[in-house]
Amino acid sequence: MNSNNYFVVTPACLQKISSDRTDRNLRFERFDNYTESSAIKKLDKKYRMIGLASYVLDDDTIAFVGDSSCEIRSNKEFKFSDKLNRMFGNATFQSVNLENIEFPVIRDCTSMFESKNLTGEITFGNKKKTLIGNINRMFAGCPAQRIDLTNIVMKPSSVYRIFSNCRAELVGLDKVKFCSLTNMRGMFANYQGKSIDIRGLPTGNTTDFSHLFDGCRSAKVINLDGIDTHNAKNMASAFRYCTDIKKLDVSGLITDKVTNMRAMFADCHAKDIDMRGFRTANVKNMAYMFNRCHAKKLELQNFCTVNTEDMTYMFYGCLSNLIDIRSFHTGSVKRLEGMFRECKASKILLPPVFDLTNVNSISAMFLWCSNVKRLDLRLFNTGYLKNMAYAFEGCYNLESIDLSGCDTRNVVYMQELFSKCKNLRSVNLDGISTIDVKDMSYMFKGCMNLNSLNLSKFDTTSVESMQGMFENIVIDELDLSNFDTSKVKDIDCMFSDAKINKLTIGTLNLLETRRYEVLASMFAGAKIGYLHIRRYLGYEDIKSILNSCGIPYKIDRIIIKKRPKRDYGSSISWGDLEQLCHHIC
C-alpha cells in the first residue's frame with residue numbers, strides 16, 4: 001500500500017492529543033465509510049461546541065477525547081513511525097489498543113511503552129501483528145498491569161532486554177510466534193512479575209542467555225521445562241538477584257558449550273538449586289557464580305573445571321552449610337582471590353590436590369569464613385604464588401590450619417594472613433618459605449588462643465613491614481631469635497596489647513625504621529612476662545621505653561647510633577616532616 005494511504009502515528013501526535021487526565025484508553029479506528037475533509041472539520045466543530053476535546057490531525061484523520069477514552073479515526077490505515085523510541089513516553093493514556101495499527105520495519109523501539117501513566121492494559125487485538133527489525137527493549141520500563149501478546153509474530157532473532165524493568169502480566173507469551181532466537185540477553189532483567197514461563201520459546205539456536213532473569217526479585221516461579229540450551233555459550237548472571245524464589249530446577253539445562261557462568265546464581269535466594277545435569281567442561285569463567293547464594297548445600301561433584309580460568313569470589317558470602325568441590329581440577333585456574341570470602345559454610349571439602357600452579361594470588365581466599373573450623377591445605381600446589389594477603393583473616397572459628405606443603409618461595413605479601421583468627425590453636429608452617437616476603441604486617445594480630453607458634457624457619461631478610469605483626473596476640477612463648485629486621489621500615493605496634501609470657505628476639509635492628517620514635521608504639525599496652533633481646537641496634541634508648549612499659553628484660557648488647565641528617569629537598573613526606581619538627585623543637 002502506498003505510504004500516502006497511511007496515517008503515521010508519531011510521539012508528537014500522541015502528545016498533542018494528551019490531556020491532564022491520565023485515565024483514558026487509546027484506540028485507533030477507521031471510518032466506516034470514506035469521510036470528506038469538510039465533514040471531518042464539521043465533526044471537529046460539533047465536538048468543540050458541546051465542550052469535548054477534538055483535534056484534526058490531517059485532512060483524513062481526527063481525534064476525539066471523551067471522558068474515558070481517546071479515539072483516533074481516519075480514512076487511512078494506521079501505522080507507527082519506524083522509530084518508536086519512547087513512543088508513549090510523554091503521553092497520558094492509561095491503556096492502549098493496537099489492534100488496528102501496523103508496525104513498520106522497526107529501527108529503534110527502546111522503552112516504547114515506558115510511561116508513568118500507562119498503568120492499565122496494552123493489547124494487540126485479534127489481528128496478527130508481525131514485528132520486524134530491532135525490537136530490543138521494546139517493553140522495557142513499561143508499568144502496565146497487563147500486556148496481551150497473543151497474536152504477535154516476532155521475527156527478530158534478538159530480544160535483548162525486551163521485558164526488562166517491566167511490571168506487566170504477560171498474557172499469551174507462550175502463544176507468541178518467535179522465529180529462531182539467538183540473543184536472549186537480559187530478556188526479563190528486573191522484570192517485576194511473579195511468574196515467568198518460557199516453555200515453547202524457540203531457543204535451539206540461542207547462544208546468549210546472560211542476565212536472562214537477572215533482578216527478577218518478585219518472581220516466585222520460573223518455568224524452564226523443555227527449554228533447549230544445547231547451543232548456549234553465555235549464562236552469566238542468568239538467575240542473579242532472584243530473591244523471592246524458593247526452588248530452582250535447572251537440571252534440564254544443557255550446558256556442554258557454555259563458557260561463561262559468571263555470577264550465574266549470585267544473590268539467588270532459592271534454598272534448593274538442582275544442577276545435577278550441569279556439564280561444565282568448557283566453562284572458563286565461574287567468578288562470583290554463587291556469590292551470596294542461599295542454597296543449603298552446594299554439592300558440585302559433577303562439575304568439571306579442567307578449563308576454568310577464573311574463580312574469583314566464586315562462593316563469596318555464600319550461605320550454604322556445605323560446599324563440596326572435591327571433583328574440581330584447578331590446573332587452568334589463573335584467578336581465585338576471595339574464592340570463599342565471607343562464606344558461611346561450616347564444612348568446605350577441597351580437592352585432594354589443589355593445583356594452583358598458574359595462580360599468583362590467593363588474597364582474601366578464606367577472608368571472614370566465620371564457621372569453618374579446620375583447613376588442611378598441605379597439598380596446595382602453589383609454585384607461582386606471590387600474594388597471600390588476608391587469605392585467612394577473620395576466620396574466627398578456625399581452630400587448626402596446615403600449610404606445611406605449600407610452596408611459598410615466590411610469595412611477597414603475607415599481611416594479615418591469620419589476623420583476627422581468635423580461636424586458632426594450631427598452625428603448621430613447616431616448609432613455608434618467606435625468603436621473598438616484604439610485608440608481614442598484622443600477620444598474627446588477634447590470635448588469642450595459640451598453643452604454640454614455631455617461626456624458626458622464617459627468613460625475614462626481605463621483610464620491610466612488621467607493623468602490628470603480633471598485635472593483641474596471646475601466647476605463652478614466642479621465639480623470634482632468627483628474625484632479621486635489617487630491612488624493616490615499619491615496625492609500629494608490633495607487640496602492642498600482646499600478652500606473652502616469654503619473648504625472645506635475636507637481633508632487633510631498627511636502623512631502617514621510618515618513624516622518628518617507634519619503640520613506644522612497638523610495645524604499647526603489651527604485657528610481656530620476660531623479654532630477652534640478644535642484640536639491639538637503633539637510634540633511641542630502648543631501656544627507658546621498656547622501663548616505662550613495665551616490661552622485665554635482658555639485653556645482651558646495645559648499639560645506639562645518632563640518627564643521620566636528611567636532605568628534605570622539595571618533597572617532604574609526613575614521616576620526614578615529623579622528624580623535621582622534632583629537630584626544630
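Below you will find a few notes about this structure. Predicted, not measured: the structure shown is a model, and the values here were computed from it. (Residues numbered from 1 in each chain as written. Predicted model: local features only at pLDDT ≥ 70, side-chain atom pairs only at ≥ 80, totals over all residues. Heavy atoms only, no water.)

The next point concerns the overall build of the protein. Within the protein, the secondary structure is distributed over 5 helices and 32 strands. What you see for the protein is a C-alpha radius of gyration of 35 Å, clearly larger than the 25 Å of a compact globule of 585 residues, by over 25%. Seen along its three principal axes, the alpha-carbon backbone of the protein occupies a region of about 115 × 60 × 35 Å. Across the protein, the fraction of contacts at a sequence separation of at least 24, relative to all contacts at a separation of at least 6, is 71%. (Helix = DSSP H or I, 4+ residues; strand = E, 2+ residues; numbered from the N terminus. Rg over C-alpha atoms; globule rule 2.2 N^0.38 Å. Contact = heavy atoms within 4.5 Å.)

Within this structure, the stated rule accounts for 23 salt bridges. Between aspartate 44 and arginine 48 there is a salt bridge; the shortest N-O distance is 3.0 Å. With aspartate 44 and arginine 48 both in helix α2 (residues 37-49) and 4 residues apart, this pair spans about one turn of that helix. Take aspartate 44: its relative accessible area is 12%, and that puts it in the buried class. Where salt bridges share partners, they join Asp58, Asp60 and Lys76 into one cluster. (Salt bridge = Lys/Arg side-chain N within 4 Å of Asp/Glu carboxyl O. Buried < 20%, exposed > 50% of the residue type's maximum accessible area, 1.4 Å probe, protein only.)

Our next topic: the sheet that holds strand β1 (residues 6-9). With parallel pairing, the 3 strands of this open sheet are ordered in space as β1-β6-β8. Every interior strand has two partners, whereas the edge strands, β1 and β8 (101-102), have only one. Pairing of strand β6 (residues 77-80) with β8, which is carried by 2 bridges, proceeds in the parallel orientation. For lysine 79, the partnering residue across the bridge sits in β8 and is glutamate 102. (Pairing = 2+ DSSP bridges.)

So, about the sheet that holds strand β26 (residues 400-402). Ordered in space as β24-β26-β27, the 3 strands form an open sheet in which the pairing is parallel. The open sheet has two edge strands, β24 (374-376) and β27 (426-428), and neither has a second partner. Pairs of neighbouring strands in the sheet enclose a mean axial angle of 5°, with direction left out of account. Both β24 and β26 contribute to a ladder of 3 bridges, which runs parallel. Bridge assignment links arginine 374 to a residue of β26, and that residue is serine 400. (Axes fitted to C-alpha atoms, helices over the stretch in contact; angles between N-to-C directions.)

This part covers the packing of aromatic side chains. For the structure on display, the rule yields 33 aromatic pairs. The ring of tyrosine 316 has arginine 292 sitting right over it, with the charged end atom 6.0 Å from the ring centre. The ring of tyrosine 396 carries the charged tip of lysine 422 above its face, separated from the ring centre by 5.4 Å. (Phe/Tyr/Trp six-rings, centres within 6.5 Å; stacked < 30°, edge-to-face > 60°. Lys NZ or Arg CZ within 6 Å of the ring centre and 35° of its normal.)

The general pattern is negative phi for most residues beyond glycine and trans for most peptide bonds. In this structure, arginine 137 is a non-glycine residue whose phi angle is positive, near 65°. With respect to the element layout, arginine 137 can be found in the loop between β11 (129-133) and β12 (146-148). Positive phi, close to 60°, is recorded for tyrosine 288, a residue that is not glycine. As for its placement among the helices and strands, tyrosine 288 is situated in the loop between β19 (272-274) and β20 (297-299).

Glancing now at helix α4 (residues 542-549). In an α-helix there are 3.6 residues to a turn, and that puts residues three or four apart on one side. Buried within α4 we find Ile542, Ile545 and Leu546. Buried residues in α4, looked at end-on, bunch into an arc of 95°, giving them a common side. Packed against the buried residues of α4 are β29 (499-509), α3 (519-522), β30 (527-538), β31 (553-555) and β32 (558-560). A distance of 3.1 Å separates the backbone nitrogen of lysine 543 from a side-chain oxygen at the start of α4, and that oxygen is part of aspartate 541. In the stretch just after α4, glycine 550 is the one whose phi turns positive, near 70°. (Arc of directions from axis to C-beta. Polar contact = N/O pair within 3.5 Å; in protein donor to acceptor, adjacent residues only side chain to side chain.)

To continue, consider a nonpolar patch on the surface. Residues Met49, Ile50 and Leu52 make up a contiguous nonpolar surface patch of roughly 320 Å² in combined accessible area. Examined against the element boundaries, methionine 49 turns out to sit in helix α2. Overall, methionine 49 belongs to the exposed group, its relative accessible area being 67%. (Patch = residues over 30% accessible without salt bridge, like charges linked within 9 Å, V, L, I, M, F, W, Y side chains within 5 Å. Areas by Shrake-Rupley, 256 points an atom, 1.4 Å probe, with all protein chains shown as cover.)

Of the two faces of β6, the one holding Phe78 and Phe80 is buried and the one holding Glu77 and Lys79 is not buried anywhere. Bridging between β1 and β6 involves 4 bridges; their strand directions are parallel. Of the residues in β6, the one forming a bridge with valine 9 is phenylalanine 80.

Our focus in this paragraph is the environment of methionine 365. Inspection of the secondary structure assignment puts methionine 365 in the loop between β23 (354-355) and β24. By relative accessible area, methionine 365 is classed as buried at 0%. Along the primary structure methionine 365 and alanine 263 are separated by 102 residues, whereas in three dimensions their C-alpha atoms are 17 Å apart. With sequence-adjacent residues up to four places away left out, methionine 365 is seen in contact with Leu336, Gly338, Met339, Phe340, Arg341, Phe354, Phe380 and Ala391.

With that settled, the discussion passes to the environment of leucine 52. Within the element layout of this structure, leucine 52 appears in the loop between α2 and β3 (53-58). Each C-alpha atom of the pair leucine 52 and threonine 460 lies 90 Å from the other, and the pair is 408 residues apart in sequence. Excluding residues that lie within four positions of it along the chain, leucine 52 makes contacts with Tyr47 and Val65.

Before going further, it helps to spend a moment on the pairing of strand β5 (residues 69-74). Note that strand β2 (residues 24-30) and β5 share 6 bridges and pair parallel. Bridge assignment links leucine 26 to a residue of β5, and that residue is cysteine 70. One ladder, built from 5 bridges, connects strand β4 (residues 61-65) with β5; its direction is antiparallel. When the bridges of β5 are listed, alanine 63 appears paired with isoleucine 72. The loop that links β4 with its antiparallel partner β5 comprises 3 residues.

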